[in-house]
Amino acid sequence: MSKFQNIGLIGRLGSTKVIDTLKNIISYFSEQEFKIILDKRIGELMPGHGLDTCKQKEMGDLCDLVIVVGGDGSLLGAARVLSRFDVPVLGVNRGQLGFLTDISPQNFEEKFAEILEGKYTEEERFLLKIVVRRDGEIVGEADALNDMVLHPGKATRMIEFDLFVEGSYVYTQRSDGLIVATPTGSTAYSLSGGGPIMHPKLDALVLVPMFPHTLSSRPIVVDGNSDLRLIISEDNETYPIVSCDGQVSINLAPGDVIHISKHQHKLKLIHPEGYDFYRTCREKLGWSAGLTARTSSL
């Protein structure tokens with residue numbers, strides 16, 4: 001018997017393709033008499049499904065496995081909720097790149113069968129904890145699996161801020177902002193900003209300046225356990241924004257202090273057997289695969 005008996009299903013809202021895939025997944029598990037629990041919001045879009053529903057934050061206690069159908073953004077949202085529970089998460093890609101949601105809807109039955117038999121790879125991905133203080137008081141908190149981005153919002157003026165790593169002053173920078181990315185997020189917005197690709201097993205963070213006024217400013221990689229502090233200059237004429245995973249935002253004011261540290265909880269992520277990060281990079285980023293046939297035999 002599979003260790004996964006209670007299966008939670010989460011889907012991206014507003015997509016008929018996601019609904020179609022969810023229906024196929026529900027049929028697959030129903031035929032094998034698994035317990036299926038639908039995300040309440042997606043359940044409201046599927047009248048007559050006859051399944052139990054709950055909020056995402058309740059799935060961590062009720063489910064042995066949670067499957068997210070959508071793109072990487074859908075999984076990011078679920079990850080921030082489910083990381084505090086000891087429940088693994090699996091992604092079915094109905095988005096674009098699919099670095100995190102790596103099962104194709106065309107062959108999910110084959111992959112699910114293998115996973116239910118225990119043939120899979122499980123890894124942990126760490127998250128960031130972001131706390132914003134104003135005059136010593138907390139005015140905003142958020143989590144991020146991919147990245148935290150300091151940016152000017154609708155304004156076009158540069159932001160001036162001080163950066164401290166483990167209490168050590170690094171620099172005062174004037175730029176469009178700063179991306180602080182985990183290894184998971186190194187293939188997302190950070191990559192577009194010129195940051196390095198980091199293997200998911202690395203315990204590190206990358207800090208990527210966004211269009212810095214000083215051209216010598218370059219990405220910095222620091223220890224994953226580092227405590228980071230950004231202080232927004234009192235002289236700023238704009239009110240910048242902190243964005244977490246591109247989904248949660250905190251409005252800032254001059255003088256605000258942003259604390260960034262590793263979250264105490266980690267996401268349990270499941271991949272099909274044979275998952276290879278570098279193959280994913282080749283497929284998703286269009287790297288040359290000309291040597292694949294020759295190197296596979298080495």
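The structure under discussion appears in the preceding block.
Not measured: the values here are computed from a predicted model.

In this structure, what is going on with the overall build of the chain? I would like to understand it.
Scanning the chain from N- to C-terminus turns up eight helices and 17 strands. A principal-axis box enclosing the C-alpha atoms of the chain has dimensions of 65 × 50 × 30 Å. Counting all 298 residues of the chain, 50% fall into the buried class. Taking as baseline every contact in the chain between residues at least 6 positions apart, the subset at least 24 positions apart corresponds to 65%. If you sum the accessible surface of the chain, you get close to 14,500 Å²; carbon and sulfur atoms cover 47% of it.

So what exactly am I meant to see when it comes to the side chain of S2 here?
Topologically, S2 is positioned in the segment before β1 (6–11). Within the local environment of S2, its side chain forms a polar contact with the backbone nitrogen of F4, the two atoms lying 3.0 Å apart. Dropping the residues within four chain positions of it, S2 is found in contact with F34 and L116.

Which parts of the structure should I look at to understand the state of the cysteines?
What makes a disulfide is a covalent bond joining the sulfur atoms belonging to two cysteines. Tallied over the full model, the rule gives zero disulfides. Of all cysteine sulfurs in the structure, the one in C54 sits closest to C63, which takes part in no disulfide; the separation is 5.7 Å. By relative accessible area, C63 is classed as buried at 7%.

What should I look at first to understand the side chain of S226 in this one?
Along the chain, the position of S226 falls in the loop between β13 (220–223) and β14 (228–232). At a separation of 2.8 Å, a polar atom in the side chain of S226 contacts the main-chain carbonyl oxygen of D223. Sequence-distant contacts of S226, defined by excluding residues within four places in its chain, comprise V165, E166, I260 and S261.

Looking at this structure, I do not really get the pairing of strand β11 (residues 177–181). What am I missing?
Consecutive side chains along a regular strand alternate between the two faces of the sheet. Within β11, five of the five residues are buried, leaving the element largely enclosed by the surrounding structure. Burial along β11 is two-sided: the face carrying G177, I179 and A181 and the face carrying L178 and V180 are both buried. As defined by bridge partners, strand β8 (residues 147–151) adjoins β11 across four bridges and the pair is classed as antiparallel. Looking across to β11, one finds that M148 is bridged to V180. Where β11 lies against strand β12 (residues 204–210), five bridges are found, and the strand directions are antiparallel.

Can you walk me through empty space enclosed by the protein in this structure?
Unoccupied space between atoms shows up once a probe the size of one water molecule is rolled over them. Per the stated rule, a full pass over the model turns up one cavity of 30 Å³ or more. Approximately 60 Å³ is the volume attributed to the largest cavity. Around the largest cavity sit F99, L100, R125, P183, T184, T187, P200, Y275 and F277, which together line it. Of the residues in the lining of the largest cavity, the class split is six nonpolar, two polar and one charged.

What am I meant to see in the pattern of salt bridges here?
Charged atoms that come close allow side chains of opposite charge to pair. For the structure shown, the criterion picks out 14 salt bridges. Of the charged contacts in the structure, one is a salt bridge between D52 and K35, with a shortest N-O distance of 2.3 Å. In this pair, D52 is assigned in strand β3 (residues 52–54) and K35 in strand β2 (residues 35–39), connecting sequence segments 17 residues apart. For D52, a relative accessible area of 41% gives the class partly exposed. The partner of E237 in a salt bridge is R157, and the shortest N-O contact between them spans 1.8 Å. Here E237 is found in the loop between β14 and β15 (241–244), whereas its partner R157 is found in the loop between β8 and β9 (159–165), with 80 residues between them in sequence. Overall, the relative accessible area of 61% leaves E237 in the exposed class. Residue R157 is classed as partly exposed on the basis of its relative accessible area of 48%. Because the salt bridges share partners, they merge into one network encompassing R84, K129, E141 and D143.

What counts as what
- Residue numbers here run from 1 along each chain, matching the order of that chain's written sequence.
- Under the rules for a predicted model, residues below a pLDDT of 70 receive no local features and side-chain atom pairs below 80 are neither given nor counted, while totals for whole chains, interfaces and linings still include all residues.
- Remark: hydrogens and water are excluded; side-chain values derive from all non-hydrogen atoms of the structure.
- The secondary structure listing takes helices from DSSP runs of H or I that are at least 4 residues long and strands from runs of E that are at least 2 residues long, numbered from the N terminus.
- Burial here depends on accessible area, computed with a 1.4 Å probe over protein chains only, as a share of the maximum for the residue type. Under 20% is buried, over 50% is exposed, and the range in between is partly exposed.
- We call two residues in contact when some of their heavy atoms are within 4.5 Å.
- For the area figures, the Shrake-Rupley method with a 1.4 Å probe applies, and any residue is considered shielded solely by the protein chains shown.
- Nitrogen and oxygen atoms within 3.5 Å of one another constitute a polar contact, given that in protein one can donate a hydrogen and the other can accept it, and given that sequence-neighbouring residues count only through two side-chain atoms.
- In this description, a disulfide is simply a cysteine sulfur pair whose atoms lie within 2.5 Å.
- When DSSP finds two or more bridges between a pair of strands, those strands are recorded as paired.
- Lining residues are those with an atom within 4 Å of a point, where the points come from a 1 Å grid over the protein atoms alone and group into cavities, where a 1.4 Å probe fits but cannot get out, or pockets, open sets with protein on both sides within 12 Å along at least five of seven lines.
- Grid points are joined across faces, edges and corners, and a volume is the space filled by probe spheres set on the points.
- In this count, Pro and Cys sit with the nonpolar residues alongside Ala, Val, Leu, Ile, Met, Phe, Trp and Tyr, while Asp, Glu, Lys and Arg are called charged and the others, Gly among them, polar.
- Put simply, a salt bridge is a Lys or Arg side-chain nitrogen that is within 4 Å of an Asp or Glu carboxyl oxygen.

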